[in-house]
Amino acid sequence: MAALSASDLQQQPRLVETEDQPMEEFHFSAGSRREPVVTLLSPVCGLMPLCWSEDHRLAVSTLASLSVLELLCDVNSNKQELIIHRTSIRVPENVQQLRVEPVKELSKAVQKFSCHADPTVRQVFLADTVLNPHVGIQKGIKYTSWSPFGCDANGRCLLACLTFDHRLTIHNSQKRHEWNLLINLTDKYSQRLEDQGYAKKDNTPPTVGLNDLDELRRRYAMQTPLKMEWSRVYTVKQFQPNNTCINVEMVLLAVLMENGNVVLWKFMLPFVNGDDVVFYDVVESGVSRPSDLAWWEYESPERRMSGLIIGSMAGPIKIEPVSLSGVKGYFTVKHPVVLWKESDELAVENIKCIPVVHPVHKTSCSLIVATRSCYVFWCLLVISPAGLNVLNSHVAGLHSLPILSLAVSMQDYTVYTCSMDGWIKKLTPTFTETTIQFDQEDFTQPESLADRRIHGIAVSHNGAYIAVISAQGMVNNIHPVIRTYQVDFITLRTPDMAVSAILNSPSQSLFKVADLLDLLRWKILKTKAIPASLHEELEKRIQDEDSLYLWRFKLFLQRTLHQSLQSPFIESTFAGKDCKMFAQDDEEEEGEGAAQEEVEPAGCDGKVDCISEEQGLVSEVESHLLRENMKKVLGMVYLNTSAPGNTSIPTCGLVDYLSRDASDKTAEVLIGHIKKKLNRQTFPERCCLCEEELPFTDHKQGICSNGHMWLRCVLSYQACQTLTFRRCLLQDSVARLPEPEGKRHSPSPSTTASQPPAAVSAVLLLLRHSALLSVKNTNN
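Since we're looking at a predicted model, the values are computed, not measured.

**Section: the nonpolar core**
- Counting 52 residues, the largest nonpolar core has L58, V487, F489, F553 and L557 as its most contacted members.
- With nine residues, the single largest contributor to this core is helix α8 (residues 548-564).
- When near neighbours in sequence (up to four residues on either side) are disregarded, L58 contacts L50, C51, W52, S67, V68, L69, A458, A467, V487 and F489.
- Formed by 28 residues, the second largest nonpolar core is a distinct cluster that contains L158, L193, Y198 and V255.

Below, the structure is given as structure tokens:
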């Protein structure tokens, strides 16, 4: 479980441009391949070898390990390639043994069936790797699933991993360098079945022993996981010992077993260790040959419902209701909903559920897609006052071979499919009053993937990239002895399309749109300019809304442009008399190219002056964000009646800093209110090493008279003297670790799922995504 070095990333050579060599014209279009191409160290395996999380991490299943590729959008790098951090989780050497008690009776049953006189019984037993693991079990990763964002203690995603030896484990990462095993659910569930005597859900004990082959297979099948999926995050009410009621968050993990049952595990958030896992329920689906599983989430202004979509090897698909007791606003479906009932022996795989708003009827509905051999099954569920309407059909003629993988872009509901024939198809749904039509087209693939076998695809959270895992095809009509597997990243959107999605993002978090930001960062580094249309739209929205999210987006653009100027200066594509570095549109550049070559921008005497001016623009935006965050901290602490009396922040230093700008009337009014409530202030701070006073002279750090330097928390501006702090998810600020309730609490911008004290919860909710991007990079 160690991080791999940068040399593991096999990058294709790229041309180095010099000042004497003009920059090649590049068109930012969908379907372009991004460097680097990641070469895998072992063959791929599993049901779906690629799985992309909401926090921009890609899990790649191989025979030797689970490789995790994290996409980083680093504003401090001027490289145009994708910045990928690679770690891995090795497959355990020991084989997971499913427990069936009693041991003595089991050994007698194994000896009996392995030497049975009836060849039909003997061969069935010896060929079953679950009943007879001595035959040999394939090693490798069978399936992976990412939890929703903010489930672990660091506010990120949990990783559920299933190996071929039926080992279901939950992992989380620490400091981006290592993975920790939190709990083995296979062992936990096996212990539960043993304590219950392997009874059914109604607690009916088995009537026969292990000498019966059907009973032996039942005990193994009820604890053999096939696939698992996470639900969305639910909010439930929890009663405290003092009879108070608080809202807590939980997430469910549904595990599909070989006998058709679905075991539900409840994870209380934030998930720290195995003690936070509670057995929730068992859903008996009645499917004898299950194949796939997915969550059905329906949400409308009137009601919210949840269920489990279960597919079978025989062909039928249905939704099993899940009882969410205690979850506010959720209703339970009374009866199972059959989506497809024909048993045509076409296995159901790759089930995806897409919540959509019908553009014609303006109602909430669910679009369910799945693969069945060479076909794509789709079903539209519409809940109206008249009842539940189920509309289904198939899309045929896509591939000549069975479909291997299916991916969905949740933004525009586009469906991508791939097969071993080497083609990737794109299906765009069109809603009508009575049905859905899918427009089929071939996805534009780079030439490097023309003669390669495709094993899987996955779409990033915001639909910026599609990851394709492929291997060598036939070389000179001969299959190669050793195949090399690689992961390619192909753009699905252009930078201009990414701009619209970023500006209209409902999350208001730059980290959650990091894949879209990387497209925009790529264009700025390539053209060494910020598009003029983007600059105008951003300035207009800032004047109308004055949102801190827009200011942070502006700071990202300015910093990226500043980094682009650090690379070799090729040609000037900047427009404007005072060197504001904002480029004109492509049409304007073609018409005014000759004129710009002759006109020297006033106030910019060469590249050094441009860099200095751009640095001034960055500092200006940083200063604005710094002051706004200071006012929010002071306002929520001193103007909030529920704030505790022992809240300690460097008030005097913050007030002095805000008083420097006489034109800020908001700060002047706030300071007037604060001076009336300074009795709560416990400042000055003291150095924990020498007990000297820590004056507030800089928002980045505090230095006592003896030279001891401490970084300051970006949210509360207290000195981080515990030597334990977290970095912001944008890698540009630090914050102290949260402390237990009753002590001083300074939240981390990366701890979106931590539970703060109730008295300051309102403060933390507002400050959680307002971490100021002004502190230098500091390694944890």
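**Some remarks on the packing of aromatic side chains**
- This structure, assessed with the given rule, holds 14 aromatic pairs.
- Between the aromatic rings of W230 and F267, the centroid separation amounts to 5.1 Å while the plane-to-plane angle is 55°, which identifies the pairing as tilted. One end of the pair, W230, is in strand β10 (residues 225-239); the other, F267, is in strand β12 (residues 261-268), with 37 residues separating them in the sequence. Each member of the pair W230 and F267 is classed as buried.
- Taken together, a centroid distance of 5.8 Å and an interplanar angle of 80° make the contact between W265 and F279 edge-to-face. With W265 in strand β12 and F279 in strand β13 (residues 277-284), this residue pair connects regions lying 14 residues apart in the sequence.
- Note on W265: relative accessible area 2%, which makes it buried.
- Of the aromatic side chains, those joined through ring pairs into one cluster are Y189, W265 and F279.
- Over the aromatic face of W522 sits the side chain of R34, whose NZ or CZ is 4.3 Å from the ring centroid.

**Describing the pairing of strand β15 (residues 304-312)**
- For β15, a buried count of eight out of nine residues is recorded, marking the element as mostly surrounded by other parts of the structure.
- Where strand β14 (residues 290-299) lies against β15, nine bridges are found, and the strand directions are antiparallel. Along β15, the bridge assignment pairs E299 with R304.
- The antiparallel pairing of β14 with β15 creates a hairpin that spans four residues between the two strands.
- With five bridges joining them, β15 and strand β16 (residues 317-321) adopt antiparallel strand pairing. Paired with L308 across the two strands is E320, which belongs to β16.

**A few points about the sheet that holds strand β8 (residues 168-174)**
- Here four strands make up an open sheet; going across it, the order is β6-β7-β8-β9 and the pairing antiparallel. Both edges of this open sheet fall to β6 (141-146) and β9 (178-184), since each of them pairs with a single strand only. Here the average twist between neighbouring strands, direction ignored, is 30°.
- As paired elements, β6 and strand β7 (residues 159-163) share five bridges and run antiparallel to each other. The residue bridging T144 from the neighbouring strand is C161, located in β7.
- With respect to the sheet, helix α3 (residues 185-195) is in contact with β8 and β9, its orientation differing from that of β9 by roughly 10°.

**Observations regarding the packing of helix α7 (residues 532-545) against α8**
- Put simply, α7 and α8 touch, their axes get as near as 10 Å, and they point 150° apart. Taken as axis vectors, α7 and α8 run roughly antiparallel relative to one another. The hand of the α7/α8 crossing is left-handed. Residue-level inspection shows L534, L538, E539, R541, I542 and E545 of α7 in contact with α8, the latter providing L550, W551, F553, K554 and L557.

**Some remarks on the confidence of the model for the protein**
- Of the residues in the protein, 84% reach a pLDDT of 70 or more, and the chain-wide mean stands at 83.
- For the stretch residues 1-25, pLDDT sits under 50, and the model shows 43 contacts to residues farther than four places along the chain or on other chains.
- In this model residues 740-780 is a low-confidence stretch, pLDDT under 50, and it forms 120 contacts with partners more than four residues away in sequence or in other chains.

Rules and cut-offs
- Residues numbered from 1 in each chain as written.
- Predicted model: local features only at pLDDT ≥ 70, side-chain atom pairs only at ≥ 80, totals over all residues.
- Heavy atoms only, no water.
- Core = buried A, V, L, I, M, F, W, Y, C linked by side-chain atoms within 4.5 Å.
- Buried < 20%, exposed > 50% of the residue type's maximum accessible area, 1.4 Å probe, protein only.
- Helix = DSSP H or I, 4+ residues; strand = E, 2+ residues; numbered from the N terminus.
- Contact = heavy atoms within 4.5 Å.
- Phe/Tyr/Trp six-rings, centres within 6.5 Å; stacked < 30°, edge-to-face > 60°.
- Lys NZ or Arg CZ within 6 Å of the ring centre and 35° of its normal.
- Pairing = 2+ DSSP bridges.
- Axes fitted to C-alpha atoms, helices over the stretch in contact; angles between N-to-C directions.
- Parallel < 35°, antiparallel > 145°, perpendicular 65-115°, else oblique.
- Left-handed = near helix turned anticlockwise from the far one by under 90°.
- pLDDT = per-residue confidence, 0-100.

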